[in-house]
Amino acid sequence: MAPYQSFRRRNYSVQLKTFMSVYKDRVEELFPSVINSSEMPRKLKESMLYSLEAGGKRVRPLLVYAVLDTYGISAEKADKTACAIEFIHTYSLIHDDLPAMDDDDIRRGRPTNHRVYGEACAVLAGDALLTQSFQLIAGDKLLSADKKVDIIAAVSEASGAPGMVGGQLDDMEAEGREVDVEELEYIHARKTGALLSVALQAGAVIAGAPEEEQRALEAFGKHIGLSFQIKDDLLDVEGEESEIGKPVGSDESNDKNTYVRLLGADGAREKLDYHTSMALAELERVSGNTEVLKELTAYISERTK
Ligand SMILES: CC(C)=CCC/C(C)=C/COP(=O)(O)OP(=O)(O)O
Ligand SMILES: C=C(C)CCOP(=O)(O)OP(=O)(O)O
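Here the structure is a predicted model, which is why all the values come from computation and not from measurement.

**A word on the site of ligand 1**
So, step 1. The immediate surroundings of ligand 1 are formed by 15 residues, with Asp96, Asp102, Arg107, Lys191 and Lys246 found nearest.
So, step 2. The side chain of Arg107 places a nitrogen or oxygen atom 2.7 Å from an oxygen atom of ligand 1.
So, step 3. At 2.5 Å from an oxygen atom of ligand 1 is found a side-chain nitrogen or oxygen belonging to Lys246.
So, step 4. The protein chains hide 92% of the 510 Å² of surface that ligand 1 would expose on its own.
So, step 5. Within the residue set of the shell around ligand 1, elements represented by two or more residues are α4 (79–96), α8 (164–173), α9 (181–207) and α10 (211–238).
So, step 6. The greatest single-element share of the shell around ligand 1, amounting to 4 residues, is contributed by α4.
So, step 7. Its residues assigned to classes, the shell around ligand 1 comprises 3 nonpolar, 5 polar and 7 charged.

**Some details on the site of ligand 2**
So, step 1. The environment of ligand 2 is made up of Gly56, Lys57, Arg60, His89, Leu93, Arg108, Thr192, Phe228, Gln229 and Asp232.
So, step 2. Note that an oxygen atom of ligand 2 is positioned 2.8 Å from one of the side-chain N or O atoms of Arg60.
So, step 3. Here an oxygen atom of ligand 2 and a side-chain polar atom of His89 are 2.7 Å apart.
So, step 4. Here ligand 2, which alone exposes 390 Å², has 88% of that area covered by the protein.
So, step 5. The leading source of residues in the shell around ligand 2 is α10, at 3 residues.
So, step 6. Its residues assigned to classes, the shell around ligand 2 shows 2 nonpolar, 4 polar and 4 charged.

**What about the environment of Leu49?**
So, step 1. Along the chain, Leu49 falls in helix α2 (residues 42–52).
So, step 2. With relative accessibility at 15%, the residue Leu49 sits in the buried group.
So, step 3. C-alpha of Leu49 to C-alpha of Leu129: the two residues are 80 residues apart in sequence and 9.8 Å apart in space.
So, step 4. Ignoring anything within four residues of it in the chain, the contact list for Leu49 reads Phe31, Pro32 and Ile35.

**A word on the packing of aromatic side chains**
So, step 1. Counting across every chain of the model gives 4 aromatic pairs.
So, step 2. With 4.6 Å between their ring centres and 45° between their planes, Phe19 and Tyr23 make a pair best called tilted. Separated by 4 residues within a single helix, Phe19 and Tyr23 lie in helix α1 (residues 14–36), roughly one turn from each other.
So, step 3. Classification of Phe19 by relative accessible area gives buried; the value is 5%.
So, step 4. Plain terms: the ring middles of Tyr50 and Tyr117 are 5.5 Å apart, the flat faces sit at 70° to each other, and that makes the pair edge-to-face. With Tyr50 in helix α2 and Tyr117 in helix α5 (residues 113–117), this pair connects stretches of sequence that are 67 residues apart. Here Tyr50 and Tyr117 have matching classes, each one buried.
So, step 5. Following the ring pairs from residue to residue traces out a cluster consisting of Phe19, Tyr23 and Tyr65.
So, step 6. Positioned over the ring face of Phe228 is Arg60, at 5.2 Å from the centre of the ring.

**Let's talk about empty space enclosed by the protein**
So, step 1. The tally for this structure, following the rule as stated, stands at 1 cavity of 30 Å³ or more.
So, step 2. In this structure, the largest cavity spans a volume of roughly 100 Å³.
So, step 3. Ser51, Ile94, Arg107, Arg108 and Asn113 are, among the 13 residues lining the largest cavity, the residues nearest its centre.
So, step 4. Ranked by residue count, the leading element in the lining of the largest cavity is α4, at 3 residues.
So, step 5. Of the residues assigned to the lining of the largest cavity, the class counts are 5 nonpolar, 4 polar and 4 charged.

What counts, and at which threshold
Residues numbered from 1 in each chain as written. Chains lettered and ligands numbered in written order. Predicted model: local features only at pLDDT ≥ 70, side-chain atom pairs only at ≥ 80, totals over all residues. Heavy atoms only, no water. Near = heavy atom within 4 Å. Polar contact = N/O pair within 3.5 Å; in protein donor to acceptor, adjacent residues only side chain to side chain. Areas by Shrake-Rupley, 256 points an atom, 1.4 Å probe, with all protein chains shown as cover. Helix = DSSP H or I, 4+ residues; strand = E, 2+ residues; numbered from the N terminus. Nonpolar A, V, L, I, M, F, W, Y, C, P; charged D, E, K, R; others polar. Buried < 20%, exposed > 50% of the residue type's maximum accessible area, 1.4 Å probe, protein only. Contact = heavy atoms within 4.5 Å. Phe/Tyr/Trp six-rings, centres within 6.5 Å; stacked < 30°, edge-to-face > 60°. Lys NZ or Arg CZ within 6 Å of the ring centre and 35° of its normal. 1 Å grid on protein atoms, 1.4 Å probe; cavity = no way out; pocket = protein on both sides within 12 Å on 5 of 7 lines; lining within 4 Å. Points joined across faces, edges and corners; volume = space filled by probe spheres on them.

Remember, this is a structural readout, not a statement about activity or role.
See the structure below:
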């Protein structure tokens with residue numbers, strides 16, 4: 001029996017459903033107040049809120065909160081960081097959809113930001129979300145200066161050139177060219193994995209997790225980051241447009257290198273199961289109550305949106 005089968009199920013527990021709904025609402029409630037706290041042109045504000053409030057699973061904030069839950073630390077301490085990481089993710093989606101990148105029309109079930117506000121405003125809304133995210137962490141009154149510096153250093157590395165930005169460029173440059181699995185993993189580990197992994201790292205810093213456990217959570221994050229992208233590739237061929245909020249088959253029309261293209265759907269599923277099992281193995285090194293993190297791991301590999 002494959003090791004993943006013990007947690008493979010379609011019905012998430014009441015505990016996970018409650019956790020997801022409570023913390024999704026919690027982070028979403030912060031968006032308008034954070035955006036409204038800064039002086040800015042009305043159109044920019046509308047455009048930022050348009051993409052933030054378009055929906056989204058909020059997986060990255062949920063991961064931050066899940067680490068605090070693991071160590072029994074009050075969620076308040078994670079609010080600014082969770083919100084900041086979702087700002088960075090939302091900026092990345094706005095820019096990813098631009099004509100210079102994927103040139104997509106639909107995101108999160110709505111017309112993409114540039115289709116509504118124009119390209120210039122969409123670029124600037126992304127820029128503003130990215131910069132405001134660091135302002136948000138820097139201004140967090142609940143965290144020590146040392147913790148804030150550690151979080152800012154990790155988040156900027158993960159979202160910048162060595163992480164998401166570099167991964168995105170490599171992904172685009174590889175379009176139309178055959179890559180091998182090793183190169184694909186290197187691209188996705190940075191393009192998608194780095195931000196998911198840093199959500200866990202940031203949670204570990206806020207919770208004051210022991211050094212060894214911080215490393216385990218980071219390694220856990222790298223595996224679920226890859227699982228997340230593999231599942232995204234699978235949903236692009238097997239998902240429902242009404243659920244995934246973007247057209248099915250867009251990877252193929254954008255000539256993207258995906259796990260499905262390289263390994264077929266079954267091969268991609270095998271890889272997904274491998275990374276899921278490896279992620280769960282890393283959690284064994286974490287001392288707190290990892291129940292929610294385990295359930296989120298299963299959710300990431302089984303999600304339908
Ligand atoms: C610096 C930038 C712009 C980073 C974008 C990062 C990213 C994960 C984009 C979405 O990937 P995708 O194209 O595989 O997913 P989707 O199908 O949702 O567009
Ligand atoms: C990183 C990838 C694969 C792009 C989509 O991310 P999500 O699937 O987290 O998108 P939302 O739920 O936030 O819309």
